[in-house]
Amino acid sequence: MSHRRARATTRRRAVLLSAAAVLVIGGGAAALAAGGPAGQPRATDRPADPGTTAAASDAPGTAGPSPVGSASPSASASGSASASASARPGSPTASAPGGATAGAKPAPGPAARPGSAPVTFTGLAFDTCTAPSLATMNAWRGTSPYGAAAVYIGGKNRGCAQPQLTADWVRAVDGGGWKLVPLYVGAQPPCQTGSSPEKLTADTAAPLGTADGGDAVARAAALGMRPGSTLYLDVEAYNSADTACAAAVLEYTRNWNRAVRNSGYWAGFYGFATSSAAGIAQAAGRGVPDLPDALWYARYDDAADTTGSFPFAAELWTGHRRAHQYRINQKESYGGAALTVDRNAWDAPVAVVG
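Residues numbered from 1 in each chain as written. Predicted model: local features only at pLDDT ≥ 70, side-chain atom pairs only at ≥ 80, totals over all residues. Heavy atoms only, no water.

(A) Main features of the packing of aromatic side chains. Within this structure, the stated rule accounts for 14 aromatic pairs. On the basis of an interplanar angle of 85° and a centroid distance of 4.9 Å, the ring pair of Trp-140 and Tyr-334 is categorised as edge-to-face. Of this pair, Trp-140 sits in helix H2 (residues 134-140) while Tyr-334 sits in strand E10 (residues 322-334), and the two are 194 residues apart along the sequence. Feature note: the residues Tyr-232, Tyr-270, Phe-272, Trp-296, Tyr-300 and Trp-346 constitute an aromatic cluster, connected by ring pairs. Over the ring of Trp-178 we find Arg-141; its NZ or CZ atom is 5.7 Å from the centre of that ring. The cationic tip of Arg-322 hangs over the ring face of Phe-310; the distance from NZ or CZ to the ring centre is 3.6 Å. (Phe/Tyr/Trp six-rings, centres within 6.5 Å; stacked < 30°, edge-to-face > 60°. Helix = DSSP H or I, 4+ residues; strand = E, 2+ residues; numbered from the N terminus. Lys NZ or Arg CZ within 6 Å of the ring centre and 35° of its normal.)

Right, here's the structure in full:
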């Protein structure tokens, strides 16, 4: 992820702490419902393999409701995109055991259902710090193994300048056959070491989540990414043993999700398999509502898939709603153009341009 350069030391410390925590994901948890098909970023100075140790999970199907929504045919392995036949925001039912995190303020009303089903992409995707030039994107199209690219659309913690990232660039790249993954670097956890321009607290989690969700929508719309797109919230590694910190992150994320969905967009989440993504999976196991519609997890195991490498309960985020960042900081050259990128196996929603 682009902002990671400035926070490499922070990430290393947080990852070491989170890897030591015991993560228990409730088996048979309510899956996020999406009846159809359906990332992070900075490609430099990432910590070494924070997600190589899988979080523990019980066998699926031992308790709770079964997953809802079967997947329609996915895009081909070569990397085509398709719209799902039907879908709704993927929150477990609010009546499921556990409810909201203890101490969290109730969310102000349910999230609306976006007006159109998500468009998904299946294949390999890359992310890099600064959006590449149009010439580089054109050189890589068809010569590289990638069919999608993640771009940092905003957030106070976005660490790289984005001189290329304009509405014209988005239209041209989309017109050239690429699928785009919009990533928003939101407020970071209060227990995260180091400094970030925007950090949340237990008291500010809800209003910050709402404000940042609205800002993510505005920035996506300004780039020509219309309603029906899926926007991904980037939450970096933190000490998952700090339950108060985890509760604040969850509250922030739920409010961000609501703000995004209420504007007609889908809500995705990027995080680490041993901390930030694990916290969201734990919440899914408790039946917490207003969780992300898609999960993009960082686990650096060189496994370019979203099934065998999935570190949480098997019934969570099925139906083309998973992405896996499996290798980082790879210098690659195609068509005479070189980039340092992170590699992702993608089977999840993307942006809708036009």
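There is more to say, and it comes next.
(B) Structural detail: the packing of helix H4 (residues 205-222) against helix H5 (residues 243-262). Contact pair H4 / H5: the axes reach a minimum separation of 7 Å and the direction vectors enclose 40°. When the axes of H4 and H5 are compared, the crossing they make is right-handed. Taken together, the residues of H5 that come into contact with H4 (itself represented by Ala-205, Ala-206, Leu-208, Gly-209, Thr-210, Asp-212, Gly-213, Gly-214, Ala-216 and Val-217) are Ala-248, Glu-251, Tyr-252, Asn-255, Trp-256, Ala-259 and Val-260. Its residues assigned to classes, the contact of H4 with H5 shows 10 nonpolar, five polar and two charged. (Axes fitted to C-alpha atoms, helices over the stretch in contact; angles between N-to-C directions. Left-handed = near helix turned anticlockwise from the far one by under 90°. Contact = heavy atoms within 4.5 Å. Nonpolar A, V, L, I, M, F, W, Y, C, P; charged D, E, K, R; others polar.)

(C) A look at the state of the cysteines. What the rule picks out here adds up to two disulfides. Here Cys-129 connects covalently by a disulfide to Cys-160, the sulfurs 1.6 Å from one another. Of this pair, Cys-129 sits in the loop between strand E4 (119-127) and H2 while Cys-160 sits in the loop between strand E5 (146-154) and helix H3 (167-175), and the two are 31 residues apart along the sequence. Each member of the pair, Cys-129 as well as Cys-160, is classed as buried. The residue that forms a disulfide with Cys-191 is Cys-245, at a sulfur-sulfur distance of 2.1 Å. As the torsion about the S-S bond is roughly -75°, the Cys-191-Cys-245 disulfide counts as left-handed. Of this pair, Cys-191 sits in the loop between strand E6 (179-185) and H4 while Cys-245 sits in helix H5, placing them 54 residues apart in sequence. Relative accessible area serves as the criterion here: at 3%, Cys-245 is assigned to the buried category. For the chain, the disulfide bridges join cysteines in the arrangement 1-2, 3-4, where the cysteines are counted in sequence order. (Disulfide = S-S within 2.5 Å. Buried < 20%, exposed > 50% of the residue type's maximum accessible area, 1.4 Å probe, protein only.)

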